[in-house]
Amino acid sequence: MKSISVIGSGTMGNGIAHVFAQNGYNVSLIDIKVELLEKALVKISNNMDRQVAKGTLAQEDKEASLARISTFSSLEEGVKNADLVVEAATENLDLKLDIFRQLDQFSPKSAILASNTSSISITKIAAVTRRPANVVGMHFMNPVPIMKLVEVIRGYATSDEVTHSVMELSRRLGKDPVEVNDYPGFVANRILMPMINEAIYSLYEGVAGVEEIDTVMKLGMAHPMGPLLLADFIGLDVCLSILRVLQDGFGNPKYAPCPLLVNMVEAGFKGVKTGEGFYKYTSGSKDLVVSPRFSK
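Since the model is a prediction, treat every value here as computed from it, not as a measurement. Residue positions are given per chain, counting from 1 as you read along its sequence in written order. Local features in a predicted model are, by the rule used here, given only for residues with pLDDT of at least 70; side-chain atom pairs are given and counted only at 80 or more, and totals for whole chains, interfaces and linings are based on all residues. Excluded from the side-chain calculation are hydrogens and water; included are all heavy atoms of the structure.

A. Structural view of the UniProt feature "domain: 3-hydroxyacyl-CoA dehydrogenase C-terminal" (unreviewed entry) in the protein chain. UniProt positions are given in the numbering used here, feature names are shortened, and annotations may be inferred rather than shown by experiment. The UniProt record marks residues 185-281 with the feature "domain: 3-hydroxyacyl-CoA dehydrogenase C-terminal" (unreviewed entry), using the residue numbering of this structure. Helix makes up 62% of residues 185-281 and strand 2%. Its end C-alpha atoms lie 28 Å apart. Numbering of helices and strands runs from the N terminus, with a helix taken as a DSSP run of H or I at least four residues long and a strand as a DSSP run of E at least two residues long.

Have a look at this one:
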(Lines give C-alpha, C1' and ligand atoms only; values in the text may rest on other atoms or scores of the structure.)
Protein backbone atom coordinates (compact mmCIF):
# COMPACT_ATOMS: atom_id res chain seq x y z
CA MET A 1 0.00 0.00 0.00
CA LYS A 2 1.43 3.32 -1.10
CA SER A 3 -1.51 5.63 -1.67
CA ILE A 4 -3.70 6.44 1.34
CA SER A 5 -6.92 8.44 1.35
CA VAL A 6 -8.20 9.91 4.61
CA ILE A 7 -11.79 11.12 4.82
CA GLY A 8 -12.37 13.89 7.34
CA SER A 9 -9.85 16.58 8.24
CA GLY A 10 -10.80 17.11 11.89
CA THR A 11 -8.69 16.16 14.89
CA MET A 12 -8.53 12.45 14.08
CA GLY A 13 -8.36 12.81 10.31
CA ASN A 14 -5.52 15.31 10.27
CA GLY A 15 -3.66 13.22 12.85
CA ILE A 16 -4.00 10.09 10.71
CA ALA A 17 -2.87 11.99 7.61
CA HIS A 18 0.09 13.37 9.60
CA VAL A 19 1.26 9.90 10.65
CA PHE A 20 0.93 8.32 7.21
CA ALA A 21 2.71 11.21 5.46
CA GLN A 22 5.50 11.24 8.03
CA ASN A 23 6.08 7.55 7.34
CA GLY A 24 6.49 7.99 3.61
CA TYR A 25 2.97 7.43 2.28
CA ASN A 26 1.23 9.66 -0.25
CA VAL A 27 -1.93 10.96 1.39
CA SER A 28 -5.13 12.34 -0.13
CA LEU A 29 -6.94 14.27 2.62
CA ILE A 30 -10.63 14.73 1.85
CA ASP A 31 -13.26 17.01 3.35
CA ILE A 32 -16.35 18.83 2.11
CA LYS A 33 -14.97 22.35 2.52
CA VAL A 34 -11.69 23.82 1.28
CA GLU A 35 -11.36 25.99 4.39
CA LEU A 36 -11.48 22.90 6.61
CA LEU A 37 -8.68 21.34 4.59
CA GLU A 38 -6.59 24.52 4.82
CA LYS A 39 -7.10 24.57 8.58
CA ALA A 40 -6.05 20.91 8.79
CA LEU A 41 -2.80 21.54 6.90
CA VAL A 42 -1.94 24.37 9.30
CA LYS A 43 -2.65 22.06 12.23
CA ILE A 44 -0.45 19.30 10.80
CA SER A 45 2.36 21.78 10.12
CA ASN A 46 2.14 23.17 13.67
CA ASN A 47 2.21 19.68 15.17
CA MET A 48 5.25 18.79 13.08
CA ASP A 49 6.92 22.01 14.24
CA ARG A 50 6.59 20.72 17.80
CA GLN A 51 8.32 17.51 16.73
CA VAL A 52 11.11 19.52 15.11
CA ALA A 53 11.51 21.60 18.29
CA LYS A 54 11.79 18.39 20.34
CA GLY A 55 14.35 16.93 17.95
CA THR A 56 12.14 13.98 16.94
CA LEU A 57 11.70 15.20 13.35
CA ALA A 58 14.18 16.94 11.05
CA GLN A 59 13.06 20.13 9.32
CA GLU A 60 13.66 18.62 5.87
CA ASP A 61 11.57 15.56 6.84
CA LYS A 62 8.76 17.86 7.92
CA GLU A 63 8.79 19.59 4.55
CA ALA A 64 8.90 16.27 2.69
CA SER A 65 5.99 14.94 4.78
CA LEU A 66 3.81 17.96 4.08
CA ALA A 67 4.60 17.66 0.37
CA ARG A 68 3.11 14.15 0.39
CA ILE A 69 -0.33 15.45 1.44
CA SER A 70 -2.79 16.49 -1.26
CA THR A 71 -6.24 17.85 -0.45
CA PHE A 72 -9.57 17.17 -2.14
CA SER A 73 -13.10 18.43 -1.62
CA SER A 74 -14.41 15.73 -3.98
CA LEU A 75 -14.61 12.24 -2.51
CA GLU A 76 -14.64 10.67 -5.95
CA GLU A 77 -11.39 12.40 -6.97
CA GLY A 78 -9.75 11.80 -3.61
CA VAL A 79 -10.19 8.02 -3.53
CA LYS A 80 -9.91 7.00 -7.18
CA ASN A 81 -6.26 5.84 -6.82
CA ALA A 82 -6.34 4.70 -3.17
CA ASP A 83 -4.83 1.45 -1.95
CA LEU A 84 -6.35 2.12 1.49
CA VAL A 85 -9.09 4.52 2.56
CA VAL A 86 -9.39 5.49 6.22
CA GLU A 87 -12.72 7.11 7.07
CA ALA A 88 -12.48 9.51 10.02
CA ALA A 89 -15.78 11.37 9.74
CA THR A 90 -18.15 12.26 12.57
CA GLU A 91 -19.31 9.32 14.73
CA ASN A 92 -22.71 9.04 13.05
CA LEU A 93 -23.99 5.75 11.63
CA ASP A 94 -26.03 7.16 8.76
CA LEU A 95 -23.15 9.39 7.66
CA LYS A 96 -20.68 6.52 7.72
CA LEU A 97 -22.98 4.21 5.79
CA ASP A 98 -23.44 6.87 3.11
CA ILE A 99 -19.66 7.40 2.88
CA PHE A 100 -18.97 3.68 2.51
CA ARG A 101 -21.57 3.31 -0.22
CA GLN A 102 -19.70 6.01 -2.13
CA LEU A 103 -16.30 4.51 -1.35
CA ASP A 104 -17.46 1.19 -2.73
CA GLN A 105 -18.49 2.97 -5.92
CA PHE A 106 -15.52 5.26 -6.44
CA SER A 107 -12.44 3.53 -5.00
CA PRO A 108 -10.48 0.77 -6.81
CA LYS A 109 -12.04 -2.67 -6.37
CA SER A 110 -8.87 -3.88 -4.65
CA ALA A 111 -8.78 -1.04 -2.11
CA ILE A 112 -9.13 -1.77 1.60
CA LEU A 113 -11.82 0.36 3.23
CA ALA A 114 -11.15 1.14 6.90
CA SER A 115 -13.16 3.08 9.46
CA ASN A 116 -11.69 4.94 12.41
CA THR A 117 -15.00 4.52 14.23
CA SER A 118 -14.71 4.23 18.00
CA SER A 119 -17.83 2.12 18.50
CA ILE A 120 -19.99 1.58 15.39
CA SER A 121 -20.24 -1.95 14.00
CA ILE A 122 -17.77 -2.72 11.23
CA THR A 123 -20.06 -5.55 10.14
CA LYS A 124 -22.93 -3.10 9.66
CA ILE A 125 -20.70 -0.69 7.73
CA ALA A 126 -19.31 -3.48 5.54
CA ALA A 127 -22.81 -4.71 4.69
CA VAL A 128 -23.54 -1.65 2.53
CA THR A 129 -20.56 -2.45 0.28
CA ARG A 130 -19.94 -5.15 -2.31
CA ARG A 131 -16.58 -5.95 -0.69
CA PRO A 132 -17.24 -6.79 2.98
CA ALA A 133 -14.07 -8.91 3.08
CA ASN A 134 -12.08 -5.71 2.43
CA VAL A 135 -13.72 -3.64 5.16
CA VAL A 136 -11.98 -3.33 8.54
CA GLY A 137 -11.82 -1.10 11.59
CA MET A 138 -8.67 0.94 12.16
CA HIS A 139 -9.32 2.79 15.42
CA PHE A 140 -6.50 5.22 16.19
CA MET A 141 -6.21 6.95 19.55
CA ASN A 142 -6.07 10.71 20.09
CA PRO A 143 -3.61 12.41 19.67
CA VAL A 144 -2.76 10.17 16.73
CA PRO A 145 0.90 11.23 16.25
CA ILE A 146 1.65 10.37 19.90
CA MET A 147 -0.57 7.47 20.95
CA LYS A 148 0.76 4.02 20.00
CA LEU A 149 -2.40 1.93 20.07
CA VAL A 150 -4.45 1.02 17.01
CA GLU A 151 -7.47 -1.25 17.50
CA VAL A 152 -7.82 -3.35 14.35
CA ILE A 153 -11.43 -4.53 14.27
CA ARG A 154 -12.50 -7.55 12.27
CA GLY A 155 -16.04 -7.38 10.92
CA TYR A 156 -17.93 -10.64 10.54
CA ALA A 157 -16.75 -10.96 6.91
CA THR A 158 -13.31 -9.27 7.12
CA SER A 159 -10.71 -11.53 5.52
CA ASP A 160 -7.59 -12.81 7.24
CA GLU A 161 -5.49 -11.23 4.50
CA VAL A 162 -6.94 -7.76 5.04
CA THR A 163 -6.64 -8.06 8.82
CA HIS A 164 -3.00 -9.11 8.60
CA SER A 165 -2.22 -6.36 6.07
CA VAL A 166 -3.67 -3.65 8.32
CA MET A 167 -1.89 -5.06 11.38
CA GLU A 168 1.44 -4.97 9.51
CA LEU A 169 0.74 -1.51 8.10
CA SER A 170 0.05 -0.22 11.62
CA ARG A 171 3.42 -1.55 12.76
CA ARG A 172 5.12 0.25 9.87
CA LEU A 173 3.56 3.46 11.19
CA GLY A 174 5.30 2.84 14.52
CA LYS A 175 2.04 1.78 16.18
CA ASP A 176 1.16 -1.20 18.35
CA PRO A 177 -1.92 -2.83 16.77
CA VAL A 178 -4.30 -5.05 18.71
CA GLU A 179 -6.73 -7.30 16.85
CA VAL A 180 -10.26 -7.33 18.27
CA ASN A 181 -13.62 -8.70 17.16
CA ASP A 182 -16.62 -6.61 16.19
CA TYR A 183 -18.81 -6.10 19.24
CA PRO A 184 -20.21 -2.79 20.53
CA GLY A 185 -17.45 -0.46 21.76
CA PHE A 186 -14.77 -3.01 20.79
CA VAL A 187 -12.34 -3.16 23.77
CA ALA A 188 -11.18 0.40 24.44
CA ASN A 189 -14.57 2.09 24.69
CA ARG A 190 -16.44 -0.88 26.12
CA ILE A 191 -14.23 -0.48 29.19
CA LEU A 192 -13.50 3.26 29.11
CA MET A 193 -16.99 4.68 28.57
CA PRO A 194 -18.70 2.95 31.51
CA MET A 195 -15.89 4.28 33.73
CA ILE A 196 -16.41 7.82 32.43
CA ASN A 197 -20.17 7.43 32.81
CA GLU A 198 -19.74 6.26 36.41
CA ALA A 199 -17.51 9.26 37.13
CA ILE A 200 -20.26 11.54 35.78
CA TYR A 201 -22.84 9.72 37.94
CA SER A 202 -20.58 10.28 40.97
CA LEU A 203 -20.64 14.02 40.24
CA TYR A 204 -24.39 13.97 39.45
CA GLU A 205 -25.20 12.23 42.74
CA GLY A 206 -23.01 14.55 44.80
CA VAL A 207 -20.47 11.94 45.85
CA ALA A 208 -17.60 14.33 45.11
CA GLY A 209 -16.64 17.32 42.97
CA VAL A 210 -14.95 17.41 39.56
CA GLU A 211 -11.39 17.86 40.84
CA GLU A 212 -11.86 15.32 43.62
CA ILE A 213 -13.12 12.60 41.25
CA ASP A 214 -10.29 13.21 38.81
CA THR A 215 -7.70 13.31 41.60
CA VAL A 216 -8.83 9.95 43.01
CA MET A 217 -8.42 8.28 39.63
CA LYS A 218 -5.06 9.94 38.94
CA LEU A 219 -3.45 9.33 42.31
CA GLY A 220 -5.28 6.16 43.32
CA MET A 221 -5.39 4.35 40.00
CA ALA A 222 -2.33 5.89 38.30
CA HIS A 223 -4.37 7.27 35.40
CA PRO A 224 -2.47 10.04 33.59
CA MET A 225 -5.70 12.07 33.30
CA GLY A 226 -8.90 12.02 35.33
CA PRO A 227 -12.04 10.61 33.65
CA LEU A 228 -13.94 13.92 33.61
CA LEU A 229 -11.05 15.79 32.00
CA LEU A 230 -10.59 12.93 29.55
CA ALA A 231 -14.29 13.12 28.66
CA ASP A 232 -13.87 16.82 27.90
CA PHE A 233 -10.99 16.05 25.54
CA ILE A 234 -12.83 13.20 23.81
CA GLY A 235 -15.94 15.36 23.48
CA LEU A 236 -19.01 14.84 25.64
CA ASP A 237 -21.13 14.39 22.53
CA VAL A 238 -18.83 11.58 21.39
CA CYS A 239 -19.01 9.95 24.85
CA LEU A 240 -22.81 10.12 24.73
CA SER A 241 -22.90 8.64 21.23
CA ILE A 242 -20.69 5.70 22.24
CA LEU A 243 -22.71 4.97 25.37
CA ARG A 244 -25.88 4.87 23.27
CA VAL A 245 -24.20 2.43 20.87
CA LEU A 246 -23.29 0.23 23.85
CA GLN A 247 -26.79 0.50 25.33
CA ASP A 248 -28.48 -0.32 22.02
CA GLY A 249 -25.98 -3.02 21.06
CA PHE A 250 -26.15 -4.97 24.32
CA GLY A 251 -29.66 -4.02 25.45
CA ASN A 252 -28.22 -3.64 28.94
CA PRO A 253 -29.33 -0.72 31.17
CA LYS A 254 -25.89 -0.53 32.80
CA TYR A 255 -24.71 1.41 29.73
CA ALA A 256 -27.45 4.05 30.01
CA PRO A 257 -25.85 7.52 29.88
CA CYS A 258 -26.03 9.66 33.00
CA PRO A 259 -28.78 12.34 32.74
CA LEU A 260 -26.16 15.00 33.51
CA LEU A 261 -24.17 13.99 30.42
CA VAL A 262 -27.31 14.10 28.27
CA ASN A 263 -28.22 17.57 29.56
CA MET A 264 -24.72 18.96 29.03
CA VAL A 265 -24.62 17.77 25.42
CA GLU A 266 -28.10 19.07 24.68
CA ALA A 267 -27.12 22.45 26.15
CA GLY A 268 -24.02 22.62 23.94
CA PHE A 269 -21.39 22.09 26.66
CA LYS A 270 -19.33 19.41 24.92
CA GLY A 271 -15.88 19.89 26.45
CA VAL A 272 -12.74 21.34 24.91
CA LYS A 273 -14.29 21.75 21.45
CA THR A 274 -16.90 24.21 22.80
CA GLY A 275 -14.74 25.82 25.49
CA GLU A 276 -16.57 24.29 28.43
CA GLY A 277 -17.55 20.90 29.80
CA PHE A 278 -16.60 19.77 33.28
CA TYR A 279 -13.77 22.29 33.02
CA LYS A 280 -13.66 25.71 31.37
CA TYR A 281 -11.10 26.30 28.63
CA THR A 282 -9.73 29.74 27.80
CA SER A 283 -7.72 30.28 24.63
CA GLY A 284 -4.04 30.81 25.40
CA SER A 285 -4.34 29.62 29.00
CA LYS A 286 -2.94 26.34 30.30
CA ASP A 287 -4.57 26.69 33.72
CA LEU A 288 -7.11 23.99 34.50
CA VAL A 289 -10.29 25.60 35.85
CA VAL A 290 -13.43 23.72 36.89
CA SER A 291 -16.58 24.94 35.12
CA PRO A 292 -18.42 27.49 37.28
CA ARG A 293 -21.42 25.15 37.12
CA PHE A 294 -19.54 22.65 39.24
CA SER A 295 -17.52 25.01 41.44
CA LYS A 296 -18.15 24.84 45.15
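B. Main features of the sheet that holds strand β5 (residues 112-115). The sheet built from 8 strands is open, its strands ordered β3-β2-β1-β4-β5-β6-β7-β8 with mixed pairing. On the outer flanks of this sheet lie β3 (69-72) and β8 (176-181), each paired with one strand and no other. This sheet shows a mean twist of 25° between the axes of neighbouring strands, independent of strand direction. Here, any two strands with at least 2 DSSP bridges between them count as paired. With 6 bridges connecting them, strand β7 (residues 149-154) and β8 associate as parallel partners. Across the sheet, the residue bridging to Leu149 is Asp176, located in β8. Fitted lines through C-alpha atoms give the axes, limited to the stretch in contact for helices. The angle between two N-to-C directions lies from 0 to 180 degrees.

C. Region of the structure containing the nonpolar core. In plain words, nonpolar cores are sets of buried Ala, Val, Leu, Ile, Met, Phe, Trp, Tyr and Cys residues tied together by side-chain atoms within 4.5 Å. Partly exposed describes any residue whose relative accessible area lies between the buried limit of under 20% and the exposed limit of over 50%, with all areas from a 1.4 Å probe on protein chains only and scaled to the type maximum. In this structure, Ile16, Phe20, Leu29, Leu84, Val86, Met138 and Phe140 are the most contacted members of the largest nonpolar core, which totals 33 residues. At 6 residues, helix α1 (residues 11-22) tops the list of elements feeding residues into this core. Should any heavy atoms of two residues lie within 4.5 Å, those residues are considered in contact. Beyond its immediate sequence surroundings of up to four residues, Phe20 is in contact with Ile4, Tyr25, Val27, Leu84, Val86, Met138, Phe140, Leu169 and Leu173. Core analysis: the second largest hydrophobic core is formed by 27 residues, Val210, Leu236, Leu260 and Val265 among them.

D. Broad picture of the packing of helix α2 (residues 34-54) against helix α3 (residues 59-67). At a minimum axis separation of 10 Å, α2 and α3 run at an interaxial angle of 160°. When the interaxial angle is binned, α2 and α3 end up roughly antiparallel. The crossing of α2 and α3 is right-handed. Facing Ile44, Ser45, Met48, Asp49 and Val52 of α2, the residues of α3 in contact are Gln59, Lys62, Ser65 and Leu66. Residue polarity follows a fixed list, in which Ala, Val, Leu, Ile, Met, Phe, Trp, Tyr, Cys and Pro are nonpolar, Asp, Glu, Lys and Arg are charged, and the others, Gly among them, are polar. Among the residues making up the contact of α2 with α3, the classes are represented as 4 nonpolar, 3 polar and 2 charged. An angle counts as roughly parallel when it lies under 35 degrees, as roughly antiparallel when it exceeds 145, as roughly perpendicular when it falls between 65 and 115, and as oblique in every other case. For any helix crossing, the convention is left-handed if the near helix is rotated counterclockwise from the far helix by under a right angle, and right-handed if that rotation is clockwise.

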